[in-house]
Amino acid sequence: MELVNGLEHMSCREQLRELGLFILEEAQGDLITLYNHVEGGCSQVEVPVCVVLGSPALGAVLQLASQEWGTPGRSGHAAFCAAQDIAAESQEAARAAGPVAQVRGQRLTPRARRALRASGLSLAAALPWLRAGPGRVRRTRRRAGGSSERGREPSAPAVRTQPAGEGGPGGRLRRGAVRCRRMEGAGAGFASGGSQRDPDVVCEKHLFKGKLPEPLFQLACSHHHFAFPVSLNGLCIWNTATAQPLYLSGHHYSISALSFGNKINPLLVCSASHERVIVWNLDECTQKVQEGFRPRGIVIGTLLGMVLHIRFSPDDQQVAVCAGNQIYMLSAKNEAKLAELDGHLSPVTAAEFCTWEKNMLISVSEDRTFKVWDYSTSQLIYQSGIITAFPLLSLLIDKENKQIITGCAEGQLWIFSLVSDHNYRCIAHIDLKKEQEKFCNKVWKSGKEIGEGQNNSKLCKTDSMRPEGSVETSLPILLIEHCDFFVCFHNEENIYSSQNTSYFWIGTSTGLLIINLANFELEAVLSYRDYSDLSIWIARSCALTRMAGNGKVLCLIASMFEDMIAVLEVNLAALVRTQHSDFLPCENEKSLSVIARCTLLANSPLCKGLKKNMKEPSNKILGVKNTEKDKPLVFHNKIKSSGYRAAPRMAMFAPNTNLKKKEASKWKTSCKCKNKEYPLESYPPVKYEKEISVTCKPTPIFCVQYSGDGELLACGQADKTVLIFNSSLTGVHNVFSGHDGAVNSVGWSHDRKWLVSASEDRTLRVWSVCNKEPALILGKEKFHKTACFAQFYFIDTFILLCCGAEFHLLSFHLDTTKDDLKRYKQRSVFKLVQKFPMTSAMEITSLSAVNEFYSYIVLTAGSNRALEIFDLNAGCSTAVIQEAHVRAVHQICQNKGSSFSTQQPEAYNLFLTTAAGDGIKLWDLRTLRCERRFEGHSSRCYPCGIAVSPCGRFIASGSDDKYAYIYEMRSSTFLQKLGRHTESVINVSFNPSSPQVRDEDVMWALVKGLQTSPGG
């Protein structure tokens, strides 16, 4: 013990690390499998404490292996902890050192070799450690008076609690051996030596020790009770409120699955083993124990085989038992087999009842499929195909969103829709390994930016932390459970914007994760190995309560390699804050807003552009007509005009002068009829209305946009033209030609009189809708790269233009009058106010700003996959969102509303982004977070466009599969698929005045109109 002197204040694991024994931290879990199969050893040593003399690596292996030789089924780490507790109680026992055992060149069995390879160690490096001659290990044993526990199977576990108590019948509490530990110096990190700033993230409340059954698959939790097996065939019900155990016995073989009922009064618990399934009424059992009688349960099934999972029906009248490849429906009141569901090809691992559909049961299996059953008739309703290459282990039904969530043995999550007309389609596929790595890197980068002194979560970057030669381990998903996320923040301001979002706990073998089902991203990660005071680092089974008192969640986990079950108390609010405070906006910081909240600054670029710094146009430039018609033209004297400026006096026919008045009256009447509130409770557009072909040959339509009044529709095409239709798609459309390249974007002015277009020919043109001529042309000499996007801004005060890696803010004045002598010279003028470069981007791929009202915010997306927010009032960039998508964003779409609808001011802070192959993301400008993802459509080949309805409730998206998709803003699954297209749909647009959507094919330039169905 001399090497341990001076290290008594450290934990057991820290002592081993200080002595250099744990130098292979990444492979410790698999080392346990290694030393379980090392041959030979000193079996006479009962509970060793090792101090290695010689090679640290050899000592680490021998110290762990020697415990397994002496006490099968227990790990060296647990024995080391137990021996340290004994030594702390009795110094005499510590001094009574046993004989020194000399272990010479140990040999590995083939099984140990396989375990060694799985651990990530180099076999060539490990064998010399075991053959390097006599490794001398000094051991201590308990005093001669101590009784040996080898070979004994106690009927109750040893329990570690804060107050010393007594165990159940036949058991005992080891005084001082197990205690409730406050997490001193443990934090929310992902690497060893986690955060030291918040010790209250997780606390080990209780630790139960005893012989556990080998095939333990399902633990159980209710609001105030835990259920777990003890002594193989015994059952312990632990009351979390009173910290008192209730021991039940009735099984003859090992218990493999447990489950609580759904009702509180009476509270039922079901236990299953190989030979029988028993239902216990806890109220009756407690009363029997108080009266001195032995409690008994109701045997509802016998000889069903190895049971992996059990579940009560919503009314607690039936129990679904997953045994082998079959599911047995048993009565919860007596021994009666109601139905037998046979169809899986491998053992069924989980089953859940659908609460809103009568007699519906959903199951998952190791055959990698899920099935939907009508258990009243034993009929198979739906059978999925093979989802993954790994067995499906867990299942949960989300009642709120009507979805099922299933996880496999390799850290993959699948979400399927249970809506009646969705045909069980897949909504999302989530790789938790990648999400965990991305979350870790995100927090690590944010901590690096703000400095180590302010970082509350010392997370390490995962890209380069894996040791050389190690093997990547799997991430089995053992549990999926609801998470009451917002309960922890009910007394505070909202740190997230989407209150209707669903959050779920994901229990894995190495820790707990919290996932947001709206954006499919992780909100928090708790890794067991980051907390040195936890007794269990690798779990084989776990169970969770949805919410305990004071915002704390209780978790029950069983160790993978040791006979221990621990109760952990997780402070949800502390866990989230330690990992989110570094990269979420603080509450006292002023968040961004699309709606302008302050006046223009004196040095603002917008204020500079509004000044009359350009030469005031004269009356001639303004187009004011002269009253005197006869002017000297050439000879400097007054002569009669040639007649070009004045109409001929002789009328050859009498035109109908009321025509324009009637047309104007008709147009005003139409506008008046349209000028009504947009129906906020309308149904999405589903009824096919009209289809027209605008060209006789295949021509892609690159952009489409409605005018603000919904009367006109503009389309930019690849054939260098701009087309304008009326909203009903009837009559003759207007053609605006003049560009020498494909038209990339079109945009309407707020007063509907002007149309701006940007083209591949590096020019920008502003068109007058009335005379179909360009009022302003910005030529190639003004731009060094292609003008990919242009729009009016600040209620037609400016024009925003994207060119390369920067966008330009242009002020302008438009004049369409002509001078007889200079008729080819444009009278419209413009001025460059300022250029705004995007950070670390080679090219701006999309830009968006609001022109319907005053706003200082401009959103940009770059080729570097980042989003950047500019405040043009301050004249600078205010925020950057790195890696917004896996590919460059090709469109940003804001919720701009319309003049016919009214939304909440906060709704205008939402915007959408889309990228090829990465779906659609909904962002909130106030938090700069992705709030929801939409992935039901396909967009791998073409940059499919998106649009937001004027009411803000629906999202339209193009797709590669020849459909346009309609999503609801609050749901990640689509509502409707709009067909009748012959090619991929790459552009969509909502009518701002009525519930209509326009969508265009990529090849045949078809414009299709759809409107809401009268019947919904």
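Residues numbered from 1 in each chain as written. Predicted model: local features only at pLDDT ≥ 70, side-chain atom pairs only at ≥ 80, totals over all residues. Heavy atoms only, no water.

1. Looking at the packing of aromatic side chains
Scanning the model with the defined rule gives 20 aromatic pairs in all. Plain terms: the ring middles of F370 and F416 are 4.8 Å apart, the flat faces sit at 50 degrees to each other, and that makes the pair tilted. On the criterion of sequence distance, the pair formed by F370 in strand β20 (residues 370-374) and F416 in strand β24 (residues 412-417) is long-range, its members being 46 residues apart. We classify F370 as buried; its relative accessible area is 1%. Each residue in the set Y793, F794, F798, Y854 and Y856 is aromatic and connected to the rest through ring pairs, giving one cluster. The aromatic ring of Y963 is capped on one face by K977, whose charged end is 4.4 Å from the ring centroid. Between R980 and the ring centre of Y688, over which it is positioned, the NZ or CZ distance is 4.0 Å. (Phe/Tyr/Trp six-rings, centres within 6.5 Å; stacked < 30°, edge-to-face > 60°. Helix = DSSP H or I, 4+ residues; strand = E, 2+ residues; numbered from the N terminus. Buried < 20%, exposed > 50% of the residue type's maximum accessible area, 1.4 Å probe, protein only. Lys NZ or Arg CZ within 6 Å of the ring centre and 35° of its normal.)

2. Observations regarding the nonpolar core
In this structure, W505, I514, L526, Y528 and I557 are the most contacted members of the largest nonpolar core, which totals 32 residues. Contacts of I514, omitting those with residues within four sequence positions, involve C483, F485, Y503, F504, W505, E521, L522, E523, A524, L572 and L575. Counting residues in each nonpolar core, the second largest holds 21 residues, with I430, L475, L522 and V525 among its members. (Core = buried A, V, L, I, M, F, W, Y, C linked by side-chain atoms within 4.5 Å. Contact = heavy atoms within 4.5 Å.)

3. Quick look at the environment of A558
Within the element layout of this structure, A558 appears in strand β31 (residues 552-559). Using a relative accessible area of 0% as the deciding quantity, one classes A558 as buried. Expressed as a C-alpha distance, the spacing of A558 and L216, which sit 342 residues apart in the sequence, is 8.6 Å. Excluding anything up to four places from it in sequence, A558 contacts L216, L219, I536, I538, A539, R540, S541, M564 and I565.

4. Concerning unusual backbone geometry
Between N265 and the following residue, P266, the backbone shows a cis peptide bond with an omega angle of -5 degrees. Examined against the element boundaries, P266 turns out to sit in the loop between β10 (255-260) and β11 (268-273). Phi at N423 takes a positive value of approximately 60 degrees, unusual for a residue other than glycine. Counting through the fold element by element, N423 comes out in the loop between β24 and β25 (426-431). Of note, the phi angle at D796 is positive, near 65 degrees, even though the residue is not glycine. With respect to the element layout, D796 can be found in the loop between β42 (787-793) and β43 (798-803). For D796, a relative accessible area of 17% corresponds to the buried category.

5. Examining helix α8 (residues 282-290)
Capping the start of α8, N281 holds a side-chain oxygen 3.1 Å from the backbone nitrogen of D283, two or three residues further along. Immediately beyond the C-terminal end of α8, within one or two residues, lies G292, with a positive phi of roughly 90 degrees. (Polar contact = N/O pair within 3.5 Å; in protein donor to acceptor, adjacent residues only side chain to side chain.)

6. Overview of the confidence of the model for the protein chain
When the pLDDT values of the protein chain are averaged, the result is 74; 66% of them are 70 or greater. Low pLDDT (under 50) marks residues 491-498, which in the prediction has 21 contacts with non-local residues, meaning those over four places away or in another chain. Within the model, pLDDT remains below 50 along residues 582-589, and this stretch shows 18 contacts once partners closer than five positions in the same chain are excluded. (pLDDT = per-residue confidence, 0-100.)

7. A word on helix α10 (residues 572-580)
Most of α10 is tucked away, with eight of its nine residues classed as buried. Regarding α10, the residues found buried are L572, A573, A574, L575, V576, T578, Q579 and H580. The opening residue of α10 is N571, an N-cap whose side-chain oxygen sits 3.3 Å from the backbone nitrogen of A573.

8. Digging into the sheet that holds strand β55 (residues 954-957)
Pairing is antiparallel across the open sheet formed by four strands, whose spatial order is β54-β55-β56-β57. Taken across any chain shown, the strands that pair with only one partner, and hence form the sheet edges, are β54 (946-948) and β57 (974-978). For this sheet the average axis-to-axis angle between neighbouring strands, irrespective of direction, equals 20 degrees. With four bridges joining them, β55 and strand β56 (residues 964-968) adopt antiparallel strand pairing. Across the sheet, I955 pairs through a bridge with Y967, a residue of β56. (Pairing = 2+ DSSP bridges. Axes fitted to C-alpha atoms, helices over the stretch in contact; angles between N-to-C directions.)

9. Focus on the side chain of N281
Position of N281 among the secondary structure elements: in strand β12 (residues 276-281). When sequence neighbours within four positions are dropped, the list of residues in contact with N281 reads P266, L267 and L268.

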